[in-house]
Amino acid sequence: MDAPAVVTAPVRATGIGSWPGTSVREAVRTVRDLLLDGEGVGLPFLPETPGRGPGADIIGRAAAMLTDLYVDLQPSGWRLVDRPGRDAGRTASLLRQDLDELAEAYDGYTGPLKVQVAGPWTLGASLRLTRGERVLVDRGASADLVASLADGIAGYVGDVRRVVPGAEVVLQLDEPSLPAVLEGSLPTDSGFGRIRSVDPQVAARGLETVLAAHDGPTVIHSCHPSVPLPLLRATGVGAIAIDLTGATPARWESVAATLDAGTSVWAGVLPTDGSGTSQDARALVLEGLERAGLAVDALRGLVVSPTCGLSGLTPEGARDVLRAALDTARRLGEEVHR
């Protein structure tokens, strides 16, 4: 494929990760064609297709990247086991399919390319120990999981760079469960209690360890309305992707503090049900920045996105949301140049 034009857009657009359907080839090529728009506005990414079944989901996919830790699938979900079996083989096979399709679709490509992986705390909240409890209940197991994930991600990024040598890999950690982990609101296996909360400093160190496995751009995404921006900023991550569709004035002030600290913000301003428009999203961002006392120049470096993944839509619905994100980015970019 031809190399894209030099990126000059002050505001860009991307997707969060998941995509509808069961064909990874169709998903990869659709996202590529939408986001490599020739204007430098789109930030392409490797879409996840959970519709393919277990192992293509956010947890099974990340579990396939773990080093020296193995999983199988039980009625309660993914569980750590002593040795790899059929389920581990299936997850690894699905990941290889993704890389094969990526290599073919992005042959000759030079530029940024985003990949997504479940973060250590969301993974620890979902994976089970042999006895059935979540990994989070065991500090030693949690530490092992963090180290294994970090090593696995380094290998995964290496694979992406091998199949697309011109890619500047952007690593996104997905942490939808982080607020519940910090609040101690996750139920125990019996359902009668709650798992003890993880200390914020421990949570931050775990994220730092995993982020440090990548030597390129990084972003942490969480669409939970109470995700703690100060904690995420403290990890040294390059950008934070959050849902801003229902953001309060206090949330916008925290966004301003994030930008002031030198951390970029990825604005989730398009609902995943497909109901949003680029006009509404543009207004939401501009009004929020004004509320936070930020000048229009704060738009530079902003990335517009859906609030979360799009696997719940039809393929055409998902395409419409990405088109709206691109149009929003273009409209906001015009504000910068005024």
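### Considerations on the pairing of strand β6 (residues 218–222)
Within β6, five of the five residues are buried, leaving the element largely enclosed by the surrounding structure. Side-chain alternation along β6 places Thr218, Ile220 and Ser222 on one buried face and Val219 and His221 on a second face that is also buried. As paired strands, β6 and strand β7 (residues 239–243) are joined by four bridges and run parallel to one another. Along β7, the bridge assignment pairs Val219 with Ala239. Between β6 and its parallel partner β7, the chain crosses via helix α8 (residues 229–234), and the hand of that crossover is right-handed.

### Re helix α1 (residues 24–35)
Note: α-helices contain 3.6 residues per turn, so residues at a spacing of three or four share the same orientation. Over its twelve residues, α1 extends 16 Å from the first C-alpha to the last, a length consistent with the 16 Å expected when each residue adds 1.5 Å. Taken as a whole, α1 has its buried residues at Val24, Ala27, Val28, Thr30, Val31, Arg32, Leu34 and Leu35. Residues of α1 that are buried make contact with β1 (12–13), α3 (86–105) and α11 (315–337).

### Topic: unusual backbone geometry
One non-glycine residue, Asp68, lies in the positive phi region at around 65°. Relative to the elements of secondary structure, Asp68 occurs in the loop between α2 (58–63) and β2 (70–74). Judged by relative accessible area, Asp68 falls into the exposed class, the value being 63%.

### Looking at the nonpolar core
Counting 102 residues, the largest nonpolar core has Leu127, Tyr156, Leu299, Leu302 and Val304 as its most contacted members. It is helix α5 (residues 139–163) that provides the largest number of residues to this core, a total of ten residues. Leaving out residues up to four positions away in the same chain, Leu302 has contacts with Pro10, Val11, Arg12, Val265, Ala267, Val285 and Leu332.

### Focus on the packing of α1 against α3
It is at 9 Å that the axes of α1 and α3 come closest, and there the two elements cross at 40°. Put simply, α1 runs oblique to α3. The handedness of the crossing between α1 and α3 is right-handed. Contacts between α1 and α3 pair Val24, Arg25, Val28, Arg29 and Arg32 from the former with Asp98, Glu101, Leu102, Glu104 and Ala105 from the latter. Here the contact of α1 with α3 is built from residues that sort into four nonpolar, no polar and six charged.

### So, the packing of aromatic side chains
By the definition in use, this model includes one aromatic pair. With 5.3 Å between their ring centres and 75° between their planes, Tyr106 and Tyr109 make a pair best called edge-to-face. Assigned by exposure class, Tyr106 and Tyr109 land together as buried.

### Side note on the pairing of β2
Bridging between β2 and strand β3 (residues 77–81) involves five bridges; their strand directions are antiparallel. The partner of Asp72 across the bridge, within β3, is Arg79. A loop of two residues connects β2 with β3, the two strands running antiparallel in sequence.

### Considerations on empty space enclosed by the protein
The full count for this structure, using the stated rule, is two cavities of 30 Å³ or more. Reported here for the largest cavity is a volume of approximately 60 Å³. Along the walls of the largest cavity sit Leu244, Trp252, Val255, Leu259, Val265, Ala267, Val285, Leu289, Ala298, Leu299 and Leu302, which together make up its complete lining. Secondary structure elements with two or more residues in the lining of the largest cavity: α9 (249–260), β8 (264–270) and α10 (278–291). Top contributing element to the lining of the largest cavity by residue count: α9, with three residues. When its volume is computed, the second largest cavity comes out at roughly 40 Å³. Around the second largest cavity, the lining residues are Glu48, Ile58, Arg61, Ala62, Met65, Gln116, Val117, Ala118 and Asp174. Those elements giving two or more residues to the lining of the second largest cavity turn out to be α2 and β4 (111–118). For the lining of the second largest cavity, the residue count by class is five nonpolar, one polar and three charged.

Scoring rules and cut-offs
Per chain, residues are indexed from 1 in the order of the written sequence. Reporting in this predicted model follows two pLDDT cut-offs: at least 70 for local features of residues, and 80 or more for side-chain atom pairs to be given and counted; totals over whole chains, interfaces and linings ignore these cut-offs and use all residues. Each side-chain value is worked out from all heavy atoms of the structure, with water and hydrogens disregarded. Relative accessibility under 20% of the residue-type maximum defines a buried residue, over 50% an exposed one, and the middle range a partly exposed one, all with a 1.4 Å probe and only protein chains included. What counts as a helix is a DSSP run of H or I of at least four residues, what counts as a strand is a run of E of at least two, and both are numbered from the N terminus. Here, strands pair whenever DSSP counts at least two bridges between them. Call a crossover right-handed when, viewed with both strands pointing away from you, the route from the first strand across the helix to the second goes clockwise. The length a helix should cover is 1.5 Å for every residue beyond the first. A contact between two residues is defined here by any heavy atoms of the two lying within 4.5 Å. What is meant by a nonpolar core is a set of buried Ala, Val, Leu, Ile, Met, Phe, Trp, Tyr and Cys residues, joined one to another through side-chain atoms within 4.5 Å. Working convention: axes come from line fits to C-alpha atoms, limited for helices to the stretch in contact. Angles between N-to-C directions cover 0 to 180 degrees. By definition in this entry, angles of less than 35 degrees are roughly parallel, angles greater than 145 are roughly antiparallel, angles of 65 to 115 are roughly perpendicular, and the rest are oblique. Less than a right angle of anticlockwise turn of the near helix away from the far helix marks a crossing as left-handed, whereas a clockwise turn marks it as right-handed. When residue character is reported, Ala, Val, Leu, Ile, Met, Phe, Trp, Tyr, Cys and Pro are called nonpolar, Asp, Glu, Lys and Arg charged, and the others, Gly included, polar. Aromatic contacts are taken between Phe, Tyr and Trp rings whose centres are within 6.5 Å, Trp giving its six-membered ring; a plane angle under 30 degrees counts as stacked, one over 60 as edge-to-face, and the others as tilted. Note on definitions: the grid is 1 Å and covers protein atoms alone; a cavity is a set of points where a 1.4 Å probe fits but cannot get out; a pocket is an open set with protein on both sides within 12 Å along at least five of seven lines; lining residues have an atom within 4 Å of a point. Grid points are joined across faces, edges and corners, and a volume is the space filled by probe spheres set on the points.

Just distances and angles here, no functional claims.
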